[in-house]
Amino acid sequence: MVSIIPEITRESVVYLIKEGKRADGRAFDEYREVSLETGVINKAEGSAKVKLGNTQLVVGAKTQIAEPFSDTPKMGVLMTNSELLPMAAPNFEPGPPDENSVELSRVTDRCIREGKVVDLEKLCIIEGKKVWMIFLDIHVLDYDGNLQDAAVLGAVAALMNTKVPTATVENDEVILDHEKMIPLPFNEKALMCTFAKIGDELVLDPSLEEEEIMDARISIGMRADGSICAMQKGGKKPITRDEILKAVNIAKNKTEELRKYLE
Amino acid sequence: MIKITVESDLSTGTETSARADGRAFNELRPLKISAGVLERADGSAYLEMGGNKVLVAVYGPRELHIRHMMQPDKAVLRCRYNMAPFSVDDRKRPGPDRRSVEISKITSEALTPAVFLEKFPRSTIDVFIEVLEAEGGTRCAGITAASVALADAGIPMRDIVVACAAGKSNGQVVMDLSEAEDKEGEADLPIAMMPRTGEITLLQMDGHLTGEEFERAIDLAVEGCMKISEEQKKAIKERYGD
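Residues numbered from 1 in each chain as written. Chains lettered and ligands numbered in written order. Predicted model: local features only at pLDDT ≥ 70, side-chain atom pairs only at ≥ 80, totals over all residues. Heavy atoms only, no water.

Take the overall build of chain A next. Within chain A, the regular secondary structure consists of five helices and twelve strands. Taking 18 Å as the expected radius of gyration for a compact globule of 263 residues, we find that chain A reaches 20 Å, a close match to that expectation. When its C-alpha atoms are laid out on the principal axes, chain A stretches across 70 × 40 × 30 Å. Counting across all 263 residues of chain A, residues that qualify as buried make up 52%. Looking at chain A alone, contacts between residues at least 24 apart form 68% of all its contacts between residues at least 6 apart. Of the roughly 12,100 Å² of accessible surface on chain A, 49% is carried by carbon and sulfur atoms. Between the averaged position of the 33 positive side-chain charges in chain A and that of its 45 negative side-chain charges there is a distance of 3 Å. (Helix = DSSP H or I, 4+ residues; strand = E, 2+ residues; numbered from the N terminus. Rg over C-alpha atoms; globule rule 2.2 N^0.38 Å. Buried < 20%, exposed > 50% of the residue type's maximum accessible area, 1.4 Å probe, protein only. Contact = heavy atoms within 4.5 Å. Areas by Shrake-Rupley, 256 points an atom, 1.4 Å probe, with all protein chains shown as cover. Lys, Arg positive; Asp, Glu negative; His and termini not counted. Charge placed at Lys NZ, Arg CZ, Asp CG, Glu CD.)

Encoded structure:
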């Protein structure tokens, strides 16, 4: 099902931005209200609920012991998956993940993996045989724009919240001590900032309206030291080199701002 | 959505209370319902009952795209019951399985009698039930929350359907089985009903009950429904006033 954007909406959003304003009164580099709660799902080993404006999602982490991939015998496994639930928007359909959902989970995965949020090497129990496997499931409940930044924030928060039982090896057998739960080997709070290009301007944290009419989109994943760990350009129109550099610059301060919610 | 931390670790039975979590035989788990929690959906509700956390969104009445499902004289009410991968102890693979397909079907049938579908020919009303955390009795929790979400969406209804289970655990007929009681127990009897008329719109049972025990169980389930019904009304009133 396609969503049809009235021409009048497009005109008014573009016009406002040209005037230096946004429909909800925000500055171009301003996030909507962020709320973050962790430990919301007792049955998950780690969880977080994120609200970004009216966008809402829950991230749950489940852990299990599994065999490592043969090319990385000493590394734990991280699997990121997302579901754009049909409850989240009238044009989301039930069924297997569509391309938007796959992009959301892959970009989130990249930001976490390349940002070295969790030290996967410390998740090895028996080399080549037993490692911890972490499933991150991003459950999108309400879609009102900018799922990407909410997903990364939620994923990092859920990982910080995750606890696994201590695993010891005796005679090649893994023994789990559920009395002694320990946090994951956590490294780094890598976070993501997404901008929409509308006309000649870049706006941070695009609302649903802005996403519907944007020309292009750019997401920047950044570690605390300001180094870039992941990027994704989206949207059907091009973006210039200068615009990308400008976005990177703004992202430095803005990921720092988001990071405060993780304290 | 508001968080309550509910202790779901149940020990298995040497306490003085006959029930593992210390409840009386006719006592519900702590229950909380709120209406209108989502922005995009036409109607929504969030319910917590014991360790269950269930979110429901309603869309419609809206255009139905699948032609062969279309009813010329009334709307169809479609339900999708889905469990989050992290809602259970061992991660559930995303997507529908046989269990969730069955629950979706009976949920739709449980809600249908209460809705004035004839007012919206050729259209659909979609109910999406998401189980964020499961601790026994999620189908009942889903139906109870779905009715509140339908009301929140402004769908005209004859009654607010409510669901509750009773069953037999530790040799005793009890109301609202917890996960541990359901697993260890001898029987489970979930029902849904329209409280105004007392008509039953869903009934399932598995396990063993004598005729006399069944009668007691169904009375207990109805009693549970009546209590939950009050909470449903409270949630709607809280959102819209008296």
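That shown, we press on.
The next subject is helix α1 (residues 7-18) of chain A. Residue and element names in this part refer to chain A. Look at α1: 16 Å from first C-alpha to last across twelve residues, which is about the 16 Å you get at 1.5 Å a residue. All of the buried residues along α1 are Thr9, Val13 and Ile17. End-on, the buried residues of α1 take up no more than an arc of 55°, which puts them together on one face. Set apart from the buried face of α1 by more than 90 degrees, the exposed residues are Ile8, Glu11, Tyr15 and Lys18. Check the buried side of α1 and you find it contacts β9 (191-198), β10 (201-204) and α4 (208-213). (Expected span 1.5 Å × (residues − 1). Arc of directions from axis to C-beta.)

Here the focus is the sheet that holds strand β4 (residues 76-83) of chain B. All names here are of chain B. Read across the open sheet, the five strands follow the order β1-β2-β3-β5-β4; overall the sheet is mixed. The two strands at the open ends of the sheet, each matched to only one other strand, are β1 (31-35) and β4. Neighbour to neighbour, the strand axes of the sheet diverge by 15° on average, direction disregarded. Judged from the five bridges that link them, β1 and strand β2 (residues 43-49) form a sheet pairing that is antiparallel. By the bridge assignment, Ala35 is partnered in β2 with Ala45. Across the face of the sheet, helix α1 (residues 98-111) comes into contact with β4 and β5 (123-133) while running at roughly 140° to β4. (Pairing = 2+ DSSP bridges. Axes fitted to C-alpha atoms, helices over the stretch in contact; angles between N-to-C directions.)

Once that is clear, we can look at the interface of chain A and chain B. Often, the extent of an interface is quoted as the loss of accessible area on bringing the components together. Listed as interface residues are 33 residues of chain A and, on the opposing side, 34 residues of chain B. The largest share of the area that chain A buries against chain B comes from Lys43, Lys62 and Met87 of chain A, three residues that together contribute 25% of it. Remark: the boundary between chain A and chain B carries two salt bridges. The residue Lys43 of chain A makes a salt bridge to Glu179 of chain B at a minimum N-O spacing of 2.7 Å. Our enumeration of links across chain A and chain B arrives at 17 residue pairs in polar contact (both at pLDDT 80 or more). Listed by contribution, the elements that provide at least two residues to the side of chain A that touches chain B are β1 (34-38), β3 (55-66), β4 (77-84) and β6 (130-142) of chain A. (Buried area = accessible area lost by both parts, 1.4 Å probe. Salt bridge = Lys/Arg side-chain N within 4 Å of Asp/Glu carboxyl O. Polar contact = N/O pair within 3.5 Å; in protein donor to acceptor, adjacent residues only side chain to side chain.)

To continue, consider the nonpolar core. Membership of the largest hydrophobic core comes to 63 residues, with the highest contact counts inside it found for Leu77, Val127 and Leu150 of chain B. With near-sequence residues (within four places) excluded, Leu77 of chain B lies in contact with Ser108, Leu111, Thr112, Val115, Leu117, Ile125, Val127 and Leu150 of chain B. Listed in part, the 60 residues of the second largest apolar core include Leu78, Ala190, Met192 and Leu258 of chain A. (Core = buried A, V, L, I, M, F, W, Y, C linked by side-chain atoms within 4.5 Å.)

Per the stated rule, a full pass over the model turns up two aromatic pairs over all chains. A ring pair is formed by Phe92 of chain A and Tyr143 of chain A, whose centres lie 5.4 Å apart and whose planes are at 20°; its orientation type is stacked. With a gap of 51 residues between them, Phe92 of chain A in the loop between β4 and α2 (99-114) and Tyr143 of chain A in the loop between β6 and α3 (147-161) connect regions that are remote in the sequence. Exposure remark for Phe92 of chain A: the relative accessible area of 14% places this residue in the buried category. The exposure class of Tyr143 of chain A is buried, given its relative accessible area of 14%. In this arrangement the basic side chain of Lys119 of chain B is found over the ring face of Phe116 of chain B, its NZ or CZ atom lying 5.9 Å from the centre. (Phe/Tyr/Trp six-rings, centres within 6.5 Å; stacked < 30°, edge-to-face > 60°. Lys NZ or Arg CZ within 6 Å of the ring centre and 35° of its normal.)

Once that is clear, we can look at the sheet that holds strand β12 (residues 228-234) of chain A. All names here are of chain A. Taking strand neighbours across the sheet as the criterion, the four strands line up as β10-β9-β11-β12 in an open arrangement whose pairing is antiparallel. Of all the strands in the sheet, the pair left with one neighbour each is β10 and β12. Adjacent strand axes in the sheet meet at a mean angle of 20° when their direction is disregarded. Where strand β11 (residues 216-222) meets β12, six bridges bridge the pair, whose relative direction is antiparallel. The partner of Ser219 across the bridge, within β12, is Gln232. Sheet strands in contact with α3 are β9 and β11, and its direction is about 175° off that of β9.

Here we take up the environment of Arg32 of chain A. Residue and element names in this part refer to chain A. Along the chain, Arg32 falls in the loop between α1 and β1. Residue Arg32 is classed as buried on the basis of its relative accessible area of 11%. Along the primary structure Arg32 and Gly95 are separated by 63 residues, whereas in three dimensions their C-alpha atoms are 30 Å apart. Contact partners of Arg32, with chain neighbours within four places excluded, come to Asp24, Arg26, Leu52, Gly53, Asn54, Thr55, Asp144, Gly145, Asn146, Asp205, Pro206 and Ser207.

What follows covers the pairing of β4 of chain A. All names here are of chain A. Extensive coverage of β4 is indicated by the burial of six of its eight residues. Bridge count for β4 against β6 is eight bridges, and the pairing is parallel. Bridge pairing links Asn81 to Asp137 in β6.

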